[in-house]
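Residue-level structural notes
Okay, here's what each chain looks like letter by letter:
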Amino acid sequence: MSTPANGTATPTSPAHPTDVLTADLVVVGGGLGGVAAALTAARLGRRVVLTERSPWLGGQLTTQGVPPDEHAWIETSAASPSYVELREGVRAHYRRHYPLTAEAAADPHLNPGAGFVSRLCHEPRVGALVLEEMVSPLLASGRLTWLREHEPVGATREGGEISSVVVRGRRTGVERRLVGALVADATELGDLLPLADVEHVIGAEARAEHGELHAPEVADPLDQQAISWCCALEWAPGCDHTVPRPDRYDYFATQVAPFWPGPQLSFDDVEPISLARRTRPVFDGDPAEAPTSLAKDLWHYRRILARQHLRPDFPGGEITLVNWPQVDYWEAPLLGVAPQQQHEALEDARQLTLSFVHWLQTAAPRGDGGTGYPELRLRGDVLGTADGLAMEPYIRESRRIRALFTVHEGHIGKQMRGEGTGSELFEDSVGTGYYRIDLHPSTAGRTYVDIDCFPFQIPLGALIPRDVTNLLAANKNIGTTHITNGAYRLHPVEWSIGEAVGALSVLCAERGVRPADVHADPALRGELQRLLSEDLGVTLAWPEPVRRNLPDLDAPIAAVGAHSG
């Protein structure tokens, strides 16, 4: 059985471990933000300790089993060079080791799974291999220490500073005390925030707090986006791979949420923008053929291994990742509840996914008129597990710091700002990103909130808490609201957040200052922006046609890499 997600840690009084590790930067959490922070700081010469509760690095890309959700300009110079390095490393792995067709091997934009959710749908296992390759020379040099399968269990705060963090080995039970000039919380649920008593928010803010058009009238901490426990399925014709009937199968086969057209064990769901009922079978026609319409097909949505790219002698089948509305678990929140309730919610989410797989194999209406697809085989090896499910659930929403600056809907939302106006320009920009404001159904009984926004910047002030001097947020725990978190939570944005944290830690070490000092001082802020843009090649501002979503979306982007805000 897979282990629960980050966030099970609660404030504790751990023993006082004698094993103490010190560093310029301690990064707790090895998702994309954590890796980017550690990689950036270590490559720039600083000593870094990185911890991760799972065997793999990569978070949502790997342990959670979600192909990268990216913007339309990801193949241009708008992407950070280090993020491009990760993406091209994935492609290179397939070119080196897979029996690709000549056409696929020659494609500079190879999409291994030909899934249409991303230009780079690939196996999570491969993403983990590439990330480990990227940090490998830093591990060899001793500049980076990676504590694999360690989770935070305690933190010591002295006034406005975190003096140490205690992590525990999940296999050994051995605790280590980590001491860093700066500490980055890159965990999936913002675990350090309660451990160090850092001011933070969970759930939805009231509309009056920031004036957001789509916020609820009354704040609701338990209004949290659904999680999804993803799985990998292979199409294996001629075989029967039916999983045992899960204990909660009957419940999920009959339970109907007020905002849903029927039970989730169905091909009926809700179109996120219009909220109209729709039906999408797993296959549109013959599973071996391309779909007649992508909108009608679930299989090709997040397919991560496509037979069309492989020579005929390859013995395996096509593989897809199930991160579909049918496995969105919205019945109970993970944050603001007792540990036992959180554990029960996580187990229930697993039961939902296994129930959907069993339904697919035994009861789903087939395109050929039959019932059930027993040929669908769980592929846990693709996800590093024995049970077929991802190591961790896909976490869409974290605790969020009370930051020096909070990004709200009025900064990026198209409806609030007006067509063609563009997103807010931030003088302290440390990166860019773009994704729709995409909130999945919530634990408060809310349906989708899926609204358009403009391509946006990442403000430095959103990474810095207002009540702790040496902590930085490096994941979905930055200073966004419940609404804007829906745009800032995706793969390349999380990477850019982490990269900015790593660069900031280097500047702070070199100048002997704190993060808030850099934010407050235009000269120091400009230094940080030059480090990011000129040395690291990070784009700090979108070209105006892109920022405003004007028709000329092919405007050149290369020139803005040197923009210093």
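Residues numbered from 1 in each chain as written. Predicted model: local features only at pLDDT ≥ 70, side-chain atom pairs only at ≥ 80, totals over all residues. Heavy atoms only, no water.

**Structural notes on helix H1 (residues 32-43)**
Rules: Each helix is a run of DSSP H or I of at least 4 residues and each strand a run of E of at least 2, with the numbering of both proceeding from the N terminus. Multiply 1.5 Å by the residue count of a helix minus one, and that product is the helix's expected span. For the exposure calls, accessible area comes from a 1.4 Å probe over protein chains only, and a residue counts as buried if that area is under 20% of its type's maximum, exposed if over 50%, partly exposed in between. Here, two residues are considered to be in contact whenever any of their heavy atoms come within 4.5 Å of each other.
Compared with the 16 Å implied by 1.5 Å per residue over 12 residues, the 16 Å span of H1 between its first and last C-alpha is a close match. Burial analysis of H1 places 11 of its 12 residues in the buried class, which makes it a mostly covered element. Every buried residue of H1 is accounted for by Leu-32, Gly-33, Gly-34, Val-35, Ala-36, Ala-37, Ala-38, Leu-39, Thr-40, Ala-41 and Ala-42. Where H1 is buried, its residues touch strand S1 (20-28), strand S2 (48-52), helix H2 (81-97), helix H4 (124-141), strand S3 (144-148) and helix H12 (491-511). Downstream of H1 by a residue or two, Gly-45 has a phi angle that is positive, lying close to 100 degrees.

**As for the domain arrangement of the protein chain**
When the parts of a complex come together, some accessible area is lost, and that lost area is often used as the size of the interface. Note the following rule: Either an automatic procedure or a domain database provided the assignment from which the domain bounds are taken. Put simply, buried area is the surface a 1.4 Å probe can reach on two separate parts but cannot reach once they are joined, added for both. A carboxyl oxygen of Asp or Glu within 4 Å of a side-chain nitrogen of Lys or Arg is what we treat as a salt bridge. Residues are sorted three ways: Asp, Glu, Lys and Arg are charged, Ala, Val, Leu, Ile, Met, Phe, Trp, Tyr, Cys and Pro are nonpolar, and all the rest, Gly among them, are polar.
With domains assigned, the protein chain is organised as domain 1 (20-110 + 122-207 + 397-409 + 464-523) and domain 2 (227-382). A C-alpha centroid distance of 29 Å is found between domain 1 and domain 2. Across the contact, 22 residues belong to domain 1 and 17 residues belong to domain 2. Across the interface of domain 1 and domain 2, roughly 1,600 Å² is buried in total on both sides, 69% from carbon and sulfur atoms. Inspection of the domain 1/domain 2 interface yields 1 salt bridge. For the salt bridge of Asp-69 with Arg-302, the shortest nitrogen-to-oxygen distance reads 3.9 Å. Across the side of domain 1 that touches domain 2, the residue classes break down as 12 nonpolar, 5 polar and 5 charged.

**Considering the pattern of salt bridges**
On inspection of all chains with the given rule, the structure shows 51 salt bridges. A salt bridge links Glu-318 to Arg-303; its shortest N-O distance comes to 2.9 Å. Residue Glu-318 is found in the loop between strand S12 (303-305) and strand S13 (319-322), and its partner Arg-303 is found in strand S12; the two are separated by 15 residues along the sequence. Each member of the pair, Glu-318 together with Arg-303, is buried. The partner of Arg-436 in a salt bridge is Asp-452, and the shortest N-O contact between them spans 3.8 Å. Placement of the pair is Arg-436 in the loop between strand S17 (429-433) and strand S18 (437-439) and Asp-452 in the loop between strand S19 (449-451) and strand S20 (456-459), with a sequence separation of 16 residues. Residues joined in a network through salt bridges with shared partners are Glu-70, Glu-75, Arg-87, Glu-88 and Arg-91.

**Comments concerning the pairing of S13**
We count it as follows: Strands are treated as partners if at least two bridges between them are detected by DSSP.
Side-chain alternation along S13 places Ile-319 and Leu-321 on one buried face and Thr-320 and Val-322 on a second face that is also buried. The pairing of strand S9 (residues 231-235) with S13 spans 4 bridges and is classified as antiparallel. Within S13, the residue paired with Cys-231 across the bridge is Val-322. In the sheet, S12 pairs with S13 via 2 bridges, with the strands oriented antiparallel. Among the inter-strand pairings, Leu-305 is bridged to a residue of S13, identified as Ile-319.

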